[in-house]
Amino acid sequence: MQQKIDTSVPHSARIWNYWLGGKDNFAVDREAGDQYRQVFPGVVDVARASRQFLVRSIMFLAADAGIRQFLDVGTGLPTANNTHEVAQRIAPDARIVYVDSDPLVLVHARALLVGTAEGSTAYIDGDLHDPAAVIAEAGKTLDFAQPIGLILSGVMGHVPDYEAARSITRQLVAALPSGSYLSLNDGTSLISAEMQQAQDDYNDSGATPYTLRSPDEIAGFFDGLELVEPGVVPCPQWRPDDAVDTPADIDAFGGVGRKR
């Protein structure tokens, strides 16, 4: 049964779309986004830093690591430099599967996430909390005998219990073959106390809550993987390039790890 798009409650994917300058959001999302920004003005930098980290990590995976398959779970609303666009600029034959459960995301993704003729771009309606189903559906497009880049960008905070979040990540990574990679970033409140206050206010709004985690907790998602230098760091400090336009110290930490 098709889900109904609820425009009465703010939604994180639409708020991030608003912060990143997109148009796929509603008044309730813009209001929540503005309220968050009033408490913590730096949240727009956090959103940009997370997105820029995602782009640089995909560039690394496609160009340096030779990855030709990507599984982007909890992708959110399409903006600029989506996973398939970045990967297929480097490798036109790259195959990408996007996973999300939000009906608005699904509508826009099916219309906008169109890849190259040489490659393949698919979008599946899947729940982060059911990794086995995600893997089964992704296997219709991706070859799980060949290395895959797993993307978890700003999504594991939506699983409030840390051990449950780690279990989901472990299950997804366990399904990947040797030579695969995990790219993961999430929000923290290490640098700004206002970030935590703004997040608490947002979580009280009735929207799906998001849990800020410590850098050590984010690093814990990479247990058993070989971290790519420079490890788990603030997103702007992970292999920065000329596109980085945010402060170096920011409440978004990320890293990339390789499965042996």
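Overview of the structure. (Residues numbered from 1 in each chain as written. Predicted model: local features only at pLDDT ≥ 70, side-chain atom pairs only at ≥ 80, totals over all residues. Heavy atoms only, no water.)

How two aromatic rings sit relative to each other is given by the distance of their centres and the angle of their planes. Here the structure, examined in full by the defined rule, presents 8 aromatic pairs. Relative to W238, the ring of F60 has its centre 6.0 Å away and its plane inclined at 85°; by these criteria the two rings are edge-to-face. A residue pair is termed long-range when its members are at least 10 positions apart, and F60 in helix α3 (residues 43-64) and W238 in the loop between β7 (233-234) and β8 (252-258) qualify at 178 residues. Considered together, F60 and W238 belong to a single accessibility category, that of buried residues. Ring pairs connect the aromatic residues W16, W19, Y36 and Y202, which therefore count as one cluster. (Phe/Tyr/Trp six-rings, centres within 6.5 Å; stacked < 30°, edge-to-face > 60°. Helix = DSSP H or I, 4+ residues; strand = E, 2+ residues; numbered from the N terminus. Buried < 20%, exposed > 50% of the residue type's maximum accessible area, 1.4 Å probe, protein only.)

The subject of this paragraph is the pattern of salt bridges. Applying the stated criterion across every chain, the model contains 9 salt bridges. For D245, the salt bridge goes to R48, with nearest N and O atoms at 3.4 Å. Residue D245 is found in the loop between β7 and β8, and its partner R48 is found in helix α3; the two are separated by 197 residues along the sequence. One salt bridge in this structure joins D93 and R68, with 3.9 Å as the shortest N-O distance. A residue pair is termed long-range when its members are at least 10 positions apart, and D93 in the loop between α4 (83-90) and β2 (95-100) and R68 in the loop between α3 and β1 (69-73) qualify at 25 residues. Looking at D93, the relative accessible area reads 43%, which means it is partly exposed. One continuous salt-bridge network, built from bridges that share partners, spans D45, R48 and D245. (Salt bridge = Lys/Arg side-chain N within 4 Å of Asp/Glu carboxyl O.)

Mapped onto the elements, Q52 comes out in helix α3. Judged by its relative accessible area of 16%, Q52 falls in the buried class. One polar contact links the side chain of Q52 to the main-chain carbonyl oxygen of A243, over a distance of 3.5 Å. Discounting chain neighbours no more than four positions away, the residues touching Q52 are A243, V244, D245 and T246. (Polar contact = N/O pair within 3.5 Å; in protein donor to acceptor, adjacent residues only side chain to side chain. Contact = heavy atoms within 4.5 Å.)

All right, on to the packing of helix α1 (residues 12-19) against helix α2 (residues 27-39) then. Contact geometry of α1 with α2 gives a least axis separation of 9 Å together with a crossing angle of 70°. The pairing of α1 with α2 is recorded here as roughly perpendicular in orientation. Once α1 is placed against α2, the crossing between them reads as right-handed. Contact residues: R14, I15, Y18 and W19 in α1; V28, D29, R30, A32, G33, D34, Y36 and R37 in α2. (Axes fitted to C-alpha atoms, helices over the stretch in contact; angles between N-to-C directions. Parallel < 35°, antiparallel > 145°, perpendicular 65-115°, else oblique. Left-handed = near helix turned anticlockwise from the far one by under 90°.)

Turning next to unusual backbone geometry. Backbone torsion omega between E229 and P230 reads 10°, so that peptide bond is classified as cis. Looking at where P230 falls in the secondary structure, it is placed in the loop between β6 (226-227) and β7.

A few words now on α2. The end-to-end C-alpha separation of α2 is 19 Å, in line with the 18 Å expected for 13 residues at 1.5 Å each. Where α2 is buried, its residues meet α1, α3 and α8 (193-203). (Expected span 1.5 Å × (residues − 1).)

Let's shift gears to the environment of Y162. By the secondary structure assignment, Y162 is in helix α7 (residues 162-174). For Y162, a relative accessible area of 17% gives the class buried. Note: C-alpha distance between Y162 and I124 (38 residues apart in sequence) is 25 Å. Excluding its chain neighbours within four sequence positions, the residues that come into contact with Y162 are R213, D216, E217, G220 and F221.

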